[in-house]
Amino acid sequence: MTSQQASSKPDPPSPSASFYDLSDDEEGGYNTITHTSTTRGVKLLYSKSKVYVHPTPSAKDNIPGFIALVQQKPAPLSPDDRPNSSDSSGKRTNAASYLLAWVPEASLAQDELSAYVKVDLKDGESPPKQTYLVPPPPVATSFEESPVGPYSFSLPLSSIYSIHVRPPSLGWWYGSIVVNTRAGSSLPALFFHDSECESTILQKKKRARESFDPFGESGELFWGGDEVIRWLKRYVMVERSTAEPSIYLIDPSEEDRLGFGQGRKSLEGKHQTVNPDMKKPNQKNPPGPGMDPLTKALKETRWKILEQLSKVTTFTRRTAEDLANNKNIPPQVRRLIQNPEIQTLQDEFDSAKLYLARWAMTIAEQSEREKRQRIWTARDALDSEETSVGDFEILDMEAGKMTLADSKRRPVNLEEWESFFDSKGRLQVTVDEVKERIFHGGLDPEDGVRKEAWPFLLEVYGWDSTEEERHAYMNSKRDEYVQLKGAWWDRMIEGAATPEQEEWWKEQKSRIEKDVHRTDRHIPLFAGEDIPHPDPSSPFYSPDGPGTNVHLEQLKDMLLTYLEYDTPPSPTTSSAPHYQTRNPHPQNLGYVQGMSDLLSPLYAVFQDDAVAFWAFVAFMRRMSRNFVRSQVGMRAQLSTLDQLVQILDPKLYVHLQAADSTNFFFFFRMLLVWYKREFEWSDTLRLWESLWTDYYSSQFHLFIAVAILEKHRDVIMDHLRHFDEILKYINELSGTIELQEILFRAEGLFRRFEKTIEAVDRKNTFPEPSGGELRQRRPADDADGKNQDSSTSAIATGTGNPSSTAAGSSSTLRQGLPARPRQAPAQQAQKGKAKEVEKRAEQVVTPELRLLLSRKIITFDDEEADVAKPRASGLKD
Amino acid sequence: MSPRKKVLLKVIILGDSGVGKTSLMNQYVNKKFSTSYKATIGADFLTKEVTVDDRIVTLQLWDTAGQERFQSLGVAFYRGADCCVLVYDVNSAKSFETLDSWRDEFLIQASPRDPESFPFVVLGNKIDLGEERRMISQKRALAYCQQRGQMPYFETSAKESINVEQAFEVIARNALAQEESEEYGGDFSDPININLDQERDGCAC
Ligand SMILES: Nc1nc2c(ncn2[C@@H]2O[C@H](COP(=O)(O)OP(=O)(O)O)[C@@H](O)[C@H]2O)c(=O)[nH]1
Ligand SMILES: [Mg+2]
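How each quantity is defined
- Residues numbered from 1 in each chain as written.
- Chains lettered and ligands numbered in written order.
- Predicted model: local features only at pLDDT ≥ 70, side-chain atom pairs only at ≥ 80, totals over all residues.
- Heavy atoms only, no water.
- UniProt positions renumbered as here; feature names shortened; annotations may be inferred.
- Helix = DSSP H or I, 4+ residues; strand = E, 2+ residues; numbered from the N terminus.
- Contact = heavy atoms within 4.5 Å.
- Areas by Shrake-Rupley, 256 points an atom, 1.4 Å probe, with all protein chains shown as cover.
- Donors = N, O, S within 2.8 Å, 3.2 Å for Na, K, Ca; no water.
- Buried < 20%, exposed > 50% of the residue type's maximum accessible area, 1.4 Å probe, protein only.
- Core = buried A, V, L, I, M, F, W, Y, C linked by side-chain atoms within 4.5 Å.
- Phe/Tyr/Trp six-rings, centres within 6.5 Å; stacked < 30°, edge-to-face > 60°.
- Lys NZ or Arg CZ within 6 Å of the ring centre and 35° of its normal.

In the annotation of an unreviewed UniProt entry, the entry for chain B reads Ras-like protein Rab7, and the organism field reads Capronia epimyces CBS 606.96. In UniProt, chain B has this text filed under Sequence similarities (unreviewed entry): "Belongs to the small GTPase superfamily. Rab family."

An unreviewed UniProt entry lists chain A under the name GTPase-activating protein GYP7, with Capronia epimyces CBS 606.96 given as the organism.

Written as structure tokens, this is what we have:
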């Protein structure tokens, strides 16, 4: 049906018709055309862009090109070049006149290139109606002989023996094909970078749109290599080997079919030498399509899943359970299915889209896990595959360090911790050494070392204190805690000074109560209910049974005590001997949601309310800016995050801009309570202790945010177009994020950021005469934008992304907006000027970004200076 | 023409923290009540496909943090709402008294074309706790709703699943009516918006 569509809408002759796009009618026959280089043109039937040769394991050496099917001369038997599918003998005679070719992008002249691009983007299964003639690709039966480049080839189909097809799957991010000639050699593997290939992306999207079916005919994920097989099938016999489903035999003779086993072996050998990076068979799962568990699971469950997605009514919980218990399904997918929200996904708007986005992530994750293993074991496999985000650069930079750091990534246990101190309990190593260890290794969760170390990390204790000093200090703090607690307790009994105060305290108390009862109830400490609720007026009170437990009550008391500590004494306070807060800077925050989330891990670790309380006070020194009425702290962090993404990943930033998502609101929850809702309990503790070290930056939590975003950037860019989709996707990452990996990425991102700032500073000190773009990233990035001034090649790169710099992109975007109809010229001039200023401003690192390099914690007082006036609103808080 | 062929109705649920917004939504969409929902931080939404007068529509129900000070940051998603649900707890006078502020806040932030006719629905939740705890009588709530342009009013329990279906049916109906009236108004909207939409749909990259 697609072919019909295509043929019913023939392209009108292009006004700029060139040699390369003459129509059949105009052309009147092949021999009337001669190419400028005096060779006869060949007819370009199909082409696909972004098919790479990976000559070395390094992604830098990858060569982009086109795979194409061309027709050498008119078919001798029929004037119609479109094949007659039922006539297989015709196919045979034709096999010699069709060539399968691969040509590097760089070898194509501009006109040629545009012909290749046009044919690639032709929508439809049959070759274009209009004839595109291109110079014949170099005829070479093996790549060594090719005149154009060492890897380009073009082979008559008659001399192709078989094609080894390896779809993208577990560990094989890019699908590939290897052409095996009748002469016995194998051509270099061709890797289909589907995520860059515009026509494949369009086809995938079309499938997803039309049927929610991202899979190809054979039940596997649709990918570029399928297309090639489909092309060939139109002209020659293509037989899939039953013994080796990854081998397709081309025009096989009976003999070929029998001798196939040997052919396969020689192919394997060749393959290995061409692509050393590909030949690292996983011990447990030998590579190969149909063999890896994910593909298998995909096949087996595909219909069930699709049914689940599209067939709302027939879906039952039982189906979900069957799926969830199927051992063949990778654990991530199983977890996905078990998630109750996913179970209702079939009801959801655009559910399939989100689901597929997640599915894509699962596959990416698998492949990444494998990559990472390789990174840690074999350095040279590091940039075997290219990713657009420059992940590998991060990893590259870090790889040496990471392998070294393995021993430093062991958690610090009590014994090691104690070895940091002398007999008087004074630190005998440097603070930085301790912090470095904890930043990378964390603390042993089992042996109680957290109880010892956290008060230091939170700066309840000075790093230079002695055991004795700490003891004395905590004793006095215990007293202070008891007094503070007594103060509100008294007030509760005696009543507050004014009715307003009375009302305020009552309300605060009920807020705290509500939240404590819904905080971390899955943690055994807070789960049970075994004592009666002390307050009969509470909604949690039950006359006939327990309504709370002692730890919940402790949390409530501590939060009320914090309120007491943080609320400035009112001038009308009664003369009763109330405790006057010794807090020099009460912020009068009141109880705010999220505070209970920050307190509960402290309490759970210390299991001592006084210590936990002072640790909380210390923690709140950095966190209180998240809770102030004006929300200036949250705004500042979201805006810094915005700038950070702009500088670290301009392409993603442009996408987020287009998706109306640069408010970064979907990180609100993560920043507010430091990822408590995203990570498992134990990971949260581990993350917090790393963050408390301020080892790289007191704002390292923002790099965690970027790391999470970067991990999902391809999925976001490929699948998610709107704010709501992105928000939902990010929200649902909760419980799926792997902490170690994110810490690792965040560290790499920090270093990259640091380098970028250094580079900017250097440039500002010694400005370049030409005033080059500061935000330009790395040479690697320029590579795909090297022909930016030529519009043809911008299309050919397949991304269509006009710019790789944030500065450039944002102004492009702005230009892209429709101009307001009645704009005075003067205004426009001013606007131009504004852009100038903006550009210049961008060459200076903003103070917000520079602050990210500082290890000094940012407190609310720091931000008070530029407090935005709270919005006028009827809601008082 | 629209990239989303189905009708998407955006509904914003507002009200003080703890009145039961998250619970109501989950009761409606997932048919269950849990005492272990965490306090909402930031914003999230659930979606549900329903049929209104033979039309299949998708409700996108936005749940937000109830604490007032978080409202100022999260207003991005008020825009384009088709209906606003105001929830209070019948056992808390305070939560009833703040309904006006929530309503005003919404109208300021969402700035619907015609604030007068914008549909609100009021839910008095937690009626399962019994009459002796009740602070706001049905009569008082009805009078209030009557005064504010006859907002539909339901007394609900997310816990016992009382009146939840009925309430959301009316919410969906009102939202759809609002969406349709906006569509007519759309013909007169300024050209800039139209262009922006095209840009958003047209991007094939
Ligand atoms: N008894 C009763 N409790 C409810 C009801 N709805 C919610 N709750 C409880 O009220 C508290 C707050 O509910 P939640 O849905 O989180 O409120 P939100 O802050 O408005 O989203 C939780 O402890 C719920 O279990 C209800 O209908 N009846
Ligand atoms: Mg909630």
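Don't stop here, the text continues.
A. Expanded view of the overall build of chain A. Helix and strand content of chain A: 37 helices and ten strands. Once local pairs closer than 6 in sequence are excluded, the contacts in chain A between residues at least 24 apart make up 71%. If you sum the accessible surface of chain A, you get close to 38,500 Å²; carbon and sulfur atoms cover 53% of it.

B. Spotlight on the coordination of the magnesium ion (ligand 2). Residue and element names in this part refer to chain B. Coordination of the magnesium ion (ligand 2) by the protein is provided by T22 (OG1) and T40 (OG1), with metal-donor distances spanning 2.1 Å. A residue pair is termed long-range when its members are at least 10 positions apart, and T22 in helix α1 (residues 21-30) and T40 in the loop between α1 and β2 (43-52) qualify at 18 residues. T40 matches T22 in its accessibility class, with the two residues each being buried.

C. Main features of unusual backbone geometry. Residue and element names in this part refer to chain A. The phi dihedral of N588 falls on the positive side, at around 55°, and the residue is not glycine. Its place among the elements puts N588 in the loop between α21 (550-566) and α22 (595-606). A relative accessible area of 30% means that N588 is categorised as partly exposed. Phi is positive for Y675, which is not a glycine, with a value near 65°.

D. Quick peek at the nonpolar core. In this structure, W417(A) and F106(B) are the most contacted members of the largest nonpolar core, which totals 155 residues. Take this core: its biggest share by element is twelve residues, from helix α23 (residues 609-623) of chain A. Here W417(A) is in contact with V412(A), V434(A), I438(A), V449(A), E452(A), A453(A), F456(A) and W463(A), once residues within four sequence places are set aside. Within the second largest apolar cluster, 32 residues are counted, among which are V51(A), I160(A), I163(A) and V179(A).

E. Representation of the packing of aromatic side chains. This structure, assessed with the given rule, holds 49 aromatic pairs over all chains. Arranged with centres 5.2 Å apart and planes meeting at 85°, the rings of F439(A) and Y696(A) form a pair that is edge-to-face. Placement of F439(A) in helix α16 (residues 431-441) and of Y696(A) in the loop between α27 (681-692) and α28 (700-711) is noted, with a sequence separation of 257 residues between them. Like F439(A), the residue Y696(A) is buried in the burial classification. Taken together, a centroid distance of 5.0 Å and an interplanar angle of 75° make the contact between Y562(A) and F616(A) edge-to-face. Here Y562(A), found in helix α21, pairs with F616(A), found in helix α23; they are 54 residues apart in sequence, far enough to count as distant. Each residue in the set F439(A), Y695(A), Y696(A), F700(A), F703(A), F750(A) and F753(A) is aromatic and connected to the rest through ring pairs, giving one cluster. Against the face of W614(A) rests K477(A), its NZ or CZ located 4.0 Å from the ring centre. For R103(B), the ring lying beneath its charged end belongs to F120(B), and the centroid distance is 5.0 Å.

F. Layout of the environment of R166(A). All names here are of chain A. Tracing the chain through its elements places R166 in strand β6 (residues 160-166). Residue classification places R166 among the buried positions, given a relative accessible area of 5%. For the pair R166 and D226, spaced 60 residues apart in sequence, the C-alpha separation works out to 9.8 Å.

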